[in-house]
Amino acid sequence: MPGPLDYRLSDEQLALQKMAREFARQEISPVALKMDEEEELDPFLIKRLAEYGLQSLNTPVEYGGSGLDAVGICIVLEELAKGCASVAVTSAATALAAYPLLLAGSDEQKKRFLPPIGEGGGLASFCLTEAEAGSDAASITSTAVRYGREYVINGTKAFVSNGGSAEFYLVFASTDRSKKAKGISAFVVPRGTPGLRFGKKLRKMGIRAADTREIILEEVKVPVNNLVGREGQGFVLAMEALDLARPGVGAMSIGIAQAAFEAALNYARERRQFGKPIGDFQTIQNMLADMIMKVEAGRHLVFQAACKLEQGLPFTKEAAMAKAFASDVAMEVTTQAVQVLGGYGFIRDYPVEKYMRDAKIMQIFEGTNQIQRLVIAKQLFA
Amino acid sequence: MNIVVLIKQTFDTEAKIQLTGDGKVSDQGVNLIINPYDEFAVEEAIRIKEAKGGEVTIVSMGGDKAQEAIRQALAMGADKAVLISDPALAEVDHYVAAKVLAKALEGMEYDLILTGWVAIDDQSAQVPGRLAEILGLPQANVVTKLELEDGKAVCHREGDGAVEVLEVPLPAVITAQKGLNEPRYPSLKGIMQAKKKELKKVTLQDLGLSAEEAKAKIVGYQLPEARQAGKVVEGEPADTVRQLVEFLTKEAKVI
Ligand SMILES: Cc1cc2nc3c(=O)[nH]c(=O)nc-3n(C[C@H](O)[C@H](O)[C@H](O)COP(=O)(O)OP(=O)(O)OC[C@H]3O[C@@H](n4cnc5c(N)ncnc54)[C@H](O)[C@@H]3O)c2cc1C
Ligand SMILES: Cc1cc2nc3c(=O)[nH]c(=O)nc-3n(C[C@H](O)[C@H](O)[C@H](O)COP(=O)(O)OP(=O)(O)OC[C@H]3O[C@@H](n4cnc5c(N)ncnc54)[C@H](O)[C@@H]3O)c2cc1C
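Source: prediction; values computed, not measured. (Residues numbered from 1 in each chain as written. Chains lettered and ligands numbered in written order. Predicted model: local features only at pLDDT ≥ 70, side-chain atom pairs only at ≥ 80, totals over all residues. Heavy atoms only, no water.)

Moving on, we come to the overall build of chain B. Along chain B, the regular secondary structure elements total 6 helices and 11 strands. Projected onto its principal axes, the C-alpha coordinates of chain B cover approximately 70 × 45 × 40 Å. Burial analysis of chain B (255 residues in total) assigns 42% to the buried set. Taking the intrachain contacts of chain B between residues at least 6 apart in sequence as the baseline, contacts between residues at least 24 apart amount to 69%. A total accessible area of about 14400 Å² is found for chain B, and carbon and sulfur atoms account for 49% of it. For chain B, the distance from the average site of its 30 positive side-chain charges to the average site of its 40 negative ones is 3 Å. (Helix = DSSP H or I, 4+ residues; strand = E, 2+ residues; numbered from the N terminus. Buried < 20%, exposed > 50% of the residue type's maximum accessible area, 1.4 Å probe, protein only. Contact = heavy atoms within 4.5 Å. Areas by Shrake-Rupley, 256 points an atom, 1.4 Å probe, with all protein chains shown as cover. Lys, Arg positive; Asp, Glu negative; His and termini not counted. Charge placed at Lys NZ, Arg CZ, Asp CG, Glu CD.)

Okay, here's the thing in structure tokens:
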């Protein structure tokens with residue numbers, strides 16, 4: 001007999017949440033505004049993140065990572081994003097780059113590439129997007145040509161998260177342009193490989209501390225055993241990795257939204273106008289009620305997707321719904337939070353305008369929300 | 001070096017205390033934590049283990065919920081744990097608590113017993129002292145720095161404007177004060193490993209004890225009186241200063 005739906009987290013999940021929440025409250029939040037202002041992650045913070053295993057969420061324990069399942073990852077990413085979305089994105093982007101290796105990498109490859117981001121605490125980058133190939137990722141023009149025991153990779157990747165400081169770059173390039181998507185392959189390019197160059201760090205609207213930049217690959221040579229999976233398997237690996245990571249983007253969105261909601265609620269309790277706390281006005285009460293309804297609905301979609309993923313059930317539609325809905329909620333809720341704070345919401349000394357700027361990227365990367373709706377619809381008509 | 005750490009689960013320091021209908025302290029909706037002073041003890045034990053090897057065993061007395069506190073200590077790096085849980089222990093005094101803990105420690109091998117100097121809930125600071133007496137061990141209390149040399153512990157105790165340095169032979173009971181260290185968060189890996197570590201649950205019967213008669217009984221709880229609203233002194237500066245001084249000396253009697 002199936003029991004009622006169980007909405008409780010397990011003791012272990014509660015422990016993860018508590019740990020990540022404490023870490024975010026004590027170590028991330030105090031430096032979040034400063035990092036945003038300086039457009040730079042605090043290197044000490046990133047070191048601490050690694051020390052506590054918050055930087056290698058999906059890397060299995062045997063390769064020195066934390067080995068969390070999808071639900072655990074969502075729990076942790078939500079809390080990190082509550083502290084600062086740039087920090088959460090840094091961790092999430094590393095996890096995204098690890099997925100293709102986890103999906104199709106050989107044991108030898110995992111042993112070679114994962115420990116540096118596991119116990120080593122390093123970052124990793126997922127390099128799919130190009131200037132002319134965003135949503136239409138299958139149209140990438142980077143190439144990899146095999147010469148004997150090596151591949152030579154040429155191309156330029158746009159918007160690479162952790163671009164300037166990754167231990168390895170998971171690069172998608174075409175080994176056969178005539179086959180389009182089916183000609184794309186995945187490669188690991190370790191840091192320091194000759195011919196690998198970085199563009200300037202991009203100046204962004206939100207997640208300003210996160211390092212996003214162009215990666216230029218010029219006659220980059222990697223051994224054939226840096227090919228992940230088979231030739232031509234790259235596009236499928238990229239799509240599967242993005243599917244797996246999507247609940248996490250939803251979770252980060254909910255983290256930002258929750259933080260904005262809490263800031264607005266606290267402010268509404270304390271700010272007095274017309275002789276009483278603005279929280280006494282029904283207008284404000286309605287705004288806050290709408291905000292929390294959406295945040296909690298979004299959180300359930302995120303956990304639903306993560307649970308289905310863990311249970312081995314189809315989850316593509318659920319992951320797309322979680323990502324798109326939660327990030328739309330984040331945008332809406334953070335905008336409302338700014339409104340509740342009135343003029344102070346608009347000022348950079350208060351955190352809520354940062355939440356609003358940070359929320360926007362969640363609707364754009366890892367597949368825009370327009371693309372997520374196409375994914376959902378494709379499943380409906382399948 | 002094998003270390004036993006005694007921990008107690010307590011209310012969160014920010015918990016709002018409320019009484020139930022029958023006058024007991026309500027734990028409804030209250031966040032539970034490791035008693036913060038015990039957390040210093042856990043951290044110190046793990047640091048000693050990391051430096052010198054050995055095993056850290058957590059011992060706690062409490063209900064089923066106390067497992068959460070124990071798991072946190074295991075996630076921080078302790079090796080195994082014993083939870084003494086028995087309905088007959090729901091309302092015990094410090095006499096019984098120390099007696100039961102002493103019995104639970106029988107047969108364990110340890111060079112050091114660490115715990116917090118006081119629990120933030122009942123604030124009695126009695127259990128470690130009583131336990132040391134029963135076990136016939138030396139004790140050092142309210143310690144802010146601990147150095148171990150072969151066979152002995154050098155303990156620093158901070159008093160008003162001075163530090164007392166105390167030496168005790170091991171094994172000993174040493175209680176932690178704030179400042180001893182900065183407790184770590186459990187790492188994610190630690191949390192994931194904690195559930196695989198041994199957590200043995202024992203009852204009074206397992207310890208060969210029967211329900212113990214408490215020497216002291218709690219007869220009732222009272223909440224402090226609600227705080228009065230602040231007083232605002234209004235008027236011209238010269239006048240308000242006079243009013244304020246009068247208030248502070250006559251009514252509030254603080255100067
Ligand atoms: C801060 C940041 C970090 C990033 N990190 C990474 C990373 O680590 N790795 C990586 O590979 N990429 C990364 N990206 C790239 C990101 O995934 C892309 O920006 C995103 O996929 C959208 O591509 P695009 O910017 O080229 O927009 P376009 O694809 O040009 O889209 C422009 C607009 O058209 C819409 N649109 C496009 N096609 C359709 C369609 N068929 N139907 C309806 N609407 C459509 C889009 O929804 C969007 O609104 C990052 C981007 C940013 C800004
Ligand atoms: C960039 C900038 C430029 C500005 N320039 C000027 C200027 O040149 N001159 C000037 O005088 N002021 C200026 N202002 C101030 C601006 O007009 C105020 O910020 C605005 O009136 C809101 O006041 P507040 O910020 O105190 O918010 P509050 O009044 O505290 O409002 C907070 C929230 O409560 C809501 N609220 C308040 N009362 C009620 C109610 N009774 N019922 C329902 N909801 C309620 C508000 O809608 C808002 O969402 C400026 C502000 C900014 C940010």
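We now examine the packing of aromatic side chains. Each aromatic ring pair is described using two quantities: the centre-to-centre distance and the angle formed by the ring planes. Applying the stated criterion to the full structure yields 11 aromatic pairs over all chains. Judged by centre distance (5.2 Å) and plane angle (80 degrees), the ring pair of Tyr52(A) and Tyr185(B) falls under edge-to-face. With Tyr52(A) in the loop between α2 (43-51) and α3 (70-83) and Tyr185(B) in the loop between β10 (173-176) and α5 (188-194), this residue pair bridges two chains. Classification of Tyr185(B) as buried rests on a relative accessible area of 11%. Within the aromatic cluster, the residues linked to one another by ring pairs are Phe23(A), Tyr52(A) and Tyr185(B). (Phe/Tyr/Trp six-rings, centres within 6.5 Å; stacked < 30°, edge-to-face > 60°.)

A few words now on the layout of surface pockets. In this structure, the second largest pocket spans a volume of roughly 1600 Å³. Lining the second largest pocket are 49 residues, and of these Lys18(A), Glu22(A), Ile33(B), Glu39(B) and Gln72(B) sit closest to its centre. Contributions of two or more residues to the lining of the second largest pocket are made by α1 (11-38) and α2 of chain A together with β3 (32-34), α1 (36-52), α2 (66-76) and α5 of chain B. Top contributing element to the lining of the second largest pocket by residue count: α1(A), with 12 residues. When grouped by side-chain class, the residues that make up the lining of the second largest pocket number 19 nonpolar, 10 polar and 20 charged. (1 Å grid on protein atoms, 1.4 Å probe; cavity = no way out; pocket = protein on both sides within 12 Å on 5 of 7 lines; lining within 4 Å. Points joined across faces, edges and corners; volume = space filled by probe spheres on them. Nonpolar A, V, L, I, M, F, W, Y, C, P; charged D, E, K, R; others polar.)

Before going further, it helps to examine the site of ligand 1. Residue and element names in this part refer to chain A. For ligand 1, the set of nearby residues contains 18 residues, the closest of which are Phe126, Thr129, Ser135, Phe159 and Thr368. The separation between a nitrogen atom of ligand 1 and a polar main-chain atom of Phe126 is 2.7 Å. The contact in question runs from a nitrogen atom of ligand 1 to an N or O atom on the backbone of Phe159, over 2.9 Å. Protein chains shield 65% of the accessible area of ligand 1, which is 970 Å² for the free molecule. Going through the elements one at a time, β3 (150-161) and α10 (369-380) are the ones with two or more residues in the shell around ligand 1. Per element, the largest residue contribution to the shell around ligand 1 is 3 residues, and it comes from α10. Here the shell around ligand 1 is built from residues that sort into 9 nonpolar, 7 polar and 2 charged. Each of domain 2 (124-230) and domain 3 (236-380) accounts for three or more of the residues forming the shell around ligand 1. (Near = heavy atom within 4 Å. Polar contact = N/O pair within 3.5 Å; in protein donor to acceptor, adjacent residues only side chain to side chain. Domains from an automatic or database assignment.)

Residues and elements named next belong to chain A. Close to ligand 2 lie Arg271, Gln273, Phe274, Ile278, Phe281, Thr283, Ile284, Gln339, Val340, Gly342, Gly343 and Phe346, which account for all nearby residues. The contact in question runs from an oxygen atom of ligand 2 to an N or O atom on the side chain of Gln273, over 3.5 Å. The separation between an oxygen atom of ligand 2 and a polar main-chain atom of Gly343 is 2.7 Å. Mapped onto the shell around ligand 2, the elements with two or more residues apiece are α7 (282-310) and α8 (316-340).

So, on to the domain arrangement of chain A. All names here are of chain A. Per the domain assignment, the segments of chain A are domain 1 (11-117), domain 2 (124-230) and domain 3 (236-380). If you average the C-alpha positions of domain 1 and of domain 2, the two centres end up 22 Å apart. Carbon and sulfur atoms supply 61% of the area that domain 1 and domain 2 bury against each other, a total of about 2000 Å² over both sides. Considering only the surface of domain 1 that becomes buried against domain 2, Glu39, Ala97 and Phe113 emerge as the three largest contributors, covering 27% of it. For the interface between domain 1 and domain 2, the tally reads 3 salt bridges. For the salt bridge of Arg208 with Glu39, the shortest nitrogen-to-oxygen distance reads 3.9 Å. Inspection of the region where domain 1 meets domain 2 yields 12 residue pairs in polar contact (both at pLDDT 80 or more). (Buried area = accessible area lost by both parts, 1.4 Å probe. Salt bridge = Lys/Arg side-chain N within 4 Å of Asp/Glu carboxyl O.)

All right, on to unusual backbone geometry then. Note: most peptide bonds trans; most residues except glycine with negative phi. Going from Leu170(B) to Pro171(B), the amide bond is cis rather than trans, its omega being -5 degrees. With respect to the helices, strands and loops of the structure, Pro171(B) is situated in the loop between β9 (162-169) and β10. Of note, the phi angle at Glu366(A) is positive, near 55 degrees, even though the residue is not glycine. Note on placement: Glu366(A) falls in the loop between α9 (352-362) and α10.

Moving on, we come to the packing of α3(A) against helix α6 (residues 234-270) of chain A. Residue and element names in this part refer to chain A. Viewed as axis vectors pointing N to C, α3 and α6 meet at an angle of 40 degrees, and their least axial separation amounts to 7 Å. Compared by their axis directions, α3 and α6 come out oblique. The chirality of how α3 crosses α6 is right-handed. Residues Cys74, Leu77, Glu78, Ala81 and Lys82 of α3 touch α6, and the partners they reach there are Pro247, Gly248, Ala251, Met252, Ile254, Gly255, Ile256, Gln258, Ala259 and Glu262. Partitioning the contact of α3 with α6 into residue classes produces 9 nonpolar, 3 polar and 3 charged. (Axes fitted to C-alpha atoms, helices over the stretch in contact; angles between N-to-C directions. Parallel < 35°, antiparallel > 145°, perpendicular 65-115°, else oblique. Left-handed = near helix turned anticlockwise from the far one by under 90°.)

Once that is clear, we can look at the interface of chain B and chain A. Buried accessible area, meaning the area lost when the parts come together, often serves as the stated size of an interface. Chain B puts 12 residues into the contact, and the matching count from chain A is 22 residues. A salt bridge links Lys195(B) to Glu12(A), with the nearest nitrogen and oxygen atoms 3.4 Å apart. Remark: the boundary between chain B and chain A carries 4 residue pairs in polar contact (both at pLDDT 80 or more). Counting residues per element, the ones that place at least two in the side of chain B that touches chain A are β3 and α5 of chain B. Counting residues per element, the side of chain B that touches chain A draws most heavily on α5(B), at 4 residues.

Here the focus is empty space enclosed by the protein. Residues and elements named next belong to chain A. Applying the stated criterion across every chain, the model contains 1 cavity of 30 Å³ or more. The computed volume of the largest cavity comes to approximately 100 Å³. Lining the largest cavity are 14 residues, and of these Ile73, Leu77, Leu244, Ala245 and Gly248 sit closest to its centre. It is α6 that contributes the most residues to the lining of the largest cavity, 6 residues altogether. Domain assignment of the residues forming the lining of the largest cavity places at least three in each of domain 1 (11-117) and domain 3 (236-380).

Okay, the pairing of β10(B) next. If a strand is regular, its side chains alternate between the two faces of the sheet. All names here are of chain B. Here β10 shows a buried face lined by Val173 and Thr175 and a second buried face lined by Ile174 and Ala176. When strand β6 (residues 112-116) meets β10, the two strands line up parallel, connected through 4 bridges. Its bridge partner lying in β10, Thr115 is registered against Thr175. (Pairing = 2+ DSSP bridges.)

Before going further, it helps to spend a moment on a nonpolar patch on the surface. Residues and elements named next belong to chain B. Among the surface-exposed residues, Ile17, Val25, Ile218, Tyr221 and Leu223 lie close enough to one another that they form a single nonpolar patch of about 440 Å² accessible area. Among the secondary structure elements, Leu223 is positioned in the loop between β11 (199-202) and α6 (237-251). You can call Leu223 partly exposed: its relative accessible area is 45%. (Patch = residues over 30% accessible without salt bridge, like charges linked within 9 Å, V, L, I, M, F, W, Y side chains within 5 Å.)

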